[in-house]
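Structural features, examined
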Amino acid sequence: MLSMKQSMIYGFILQVAGAFIISLILWGFSCSGYFCRLFTVISIGLLIALLGSGPGYIWWKFSLPFTLACAADALIGWSIAGLFMAAIVKPCRCKKESR
């Protein structure tokens, strides 16, 4: 069994890895506006909230308030992260080949 300190460290590493993956997705998109990038991160956060919390409600019969709280936590967290990520991560300026 992990200690609280180990769990917090592993949880932080997991969130940083998730932010890195979303940054790569954001970097590869062609949308250049801040709000377009923000909407992209919020949409991914909504996907994480639904797919991450939904199975607990459906399969393990977690209570609805608990499930909604978990989903809200994910959505709010990624929305706040999106405010910063949309400002920091710029789209790729890679030269696209035409075929």
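Here goes a summary of the coordinates provided. By convention here, each chain's residues receive numbers from 1 onward along its written sequence. Local features in a predicted model are, by the rule used here, given only for residues with pLDDT of at least 70; side-chain atom pairs are given and counted only at 80 or more, and totals for whole chains, interfaces and linings are based on all residues. The side-chain numbers reported here are obtained from all heavy atoms of the structure, hydrogens and water having been left aside.

1. Quick notes on the overall build of the chain
- Only DSSP runs of H or I covering at least 4 residues are called helices, and only runs of E covering at least 2 are called strands; the numbering of each starts at the N terminus. Along its length, the chain carries 3 helices and 0 strands.
- Of the regular secondary structure in the chain, the N- to C-terminal order runs α-α-α.
- Within these notes, the globule rule equals 2.2 Å times the number of residues to the 0.38 power, and the radius of gyration is based on C-alpha atoms. Over its C-alpha trace the chain gives a radius of gyration of 16 Å, far above what one expects of a compact globule, namely 13 Å for 99 residues.
- Considered along the principal axes of its C-alpha atoms, the chain spans approximately 50 × 30 × 25 Å.
- When accessible area is computed with a 1.4 Å probe and restricted to protein chains, residues below 20% of their type maximum are described as buried, those above 50% as exposed, and intermediate ones as partly exposed. Burial analysis of the chain (99 residues in total) assigns 24% to the buried set.
- By the convention used here, residues are in contact when the closest approach between their heavy atoms is within 4.5 Å. A separation of at least 24 residues holds for 69% of the contacts in the chain among residues at least 6 apart in sequence.
- For the chain, the exposed area adds up to about 7700 Å²; of that, 75% sits on carbon and sulfur atoms. What sets the accessible areas is the Shrake-Rupley method with a 1.4 Å probe; for residues, cover comes only from the shown protein chains.

2. Focus: helix H2 (residues 34–59)
- For H2, which comprises 26 residues, the first-to-last C-alpha distance of 38 Å matches the rise-based estimate of 38 Å (1.5 Å per residue) to within 8%.
- At Ser53, H2 shows its maximal kink, close to 25°; a proline, Pro55, follows between one and four residues later.
- Within H2, burial applies to Arg37, Leu38, Thr40, Val41, Ile44, Gly45, Ala49, Ser53, Gly54 and Gly56.
- On its buried face, H2 sits against helix H1 (4–28) and helix H3 (64–88).
- At the C-terminal side of H2, Lys61 shows a positive phi close to 60°. Expected helix span is computed as 1.5 Å times (number of residues minus one). Here the bend at each residue means the angle between axes fitted to two seven-residue stretches, the one ending at that residue and the one beginning there.

3. A closer look at the environment of Leu83
- Tracing the sequence through the fold places Leu83 in helix H3.
- Spatially, the C-alpha atoms of Leu83 and Ile22 are 13 Å apart, while their sequence positions differ by 61 residues.
- Contact partners of Leu83, with chain neighbours within four places excluded, come to Tyr34 and Leu38.

4. What to know about the side chain of Ser53
- Note that Ser53 resides in helix H2.
- Once you skip the residues sitting within four places of it in the chain, Ser53 turns out to touch Ile48, Thr67, Cys70 and Ala71.

5. Let's talk about the packing of H2 against H3
- Orientation of H2 relative to H3, taken along the N-to-C sense of each, is 160°, at an axis distance of 8 Å. As the angle between them shows, H2 and H3 are arranged roughly antiparallel. Remark: the crossing between H2 and H3 carries right-handed chirality.
- Three residue categories are used. Nonpolar comprises Ala, Val, Leu, Ile, Met, Phe, Trp, Tyr, Cys and Pro, charged comprises Asp, Glu, Lys and Arg, and polar comprises the others, including Gly. The residue makeup of the contact of H2 with H3, split by class, is 18 nonpolar, 5 polar and 1 charged. All axes are obtained by fitting lines to C-alpha atoms, using only the stretch in contact for helices, and the reported angles, taken between N-to-C directions, cover 0 to 180 degrees. An angle below 35 degrees is treated as roughly parallel, one above 145 as roughly antiparallel, one from 65 to 115 as roughly perpendicular, and anything else as oblique. By convention, the crossing between two helices is left-handed when the near helix turns anticlockwise from the far helix through less than a right angle, and right-handed when the turn is clockwise.

6. Focus on the nonpolar core
- Each nonpolar core is a collection of buried residues, namely Ala, Val, Leu, Ile, Met, Phe, Trp, Tyr and Cys, held together in the definition by side-chain atoms within 4.5 Å. Core analysis: the biggest nonpolar cluster contains 7 residues, these being Ile22, Leu26, Val41, Ile44, Trp78, Met85 and Val89.
- If you list the elements that add at least two residues to this core, you get H1, H2 and H3.
- The residues contacting Ile44, other than those within four sequence positions of it, are Ile22 and Ile25.

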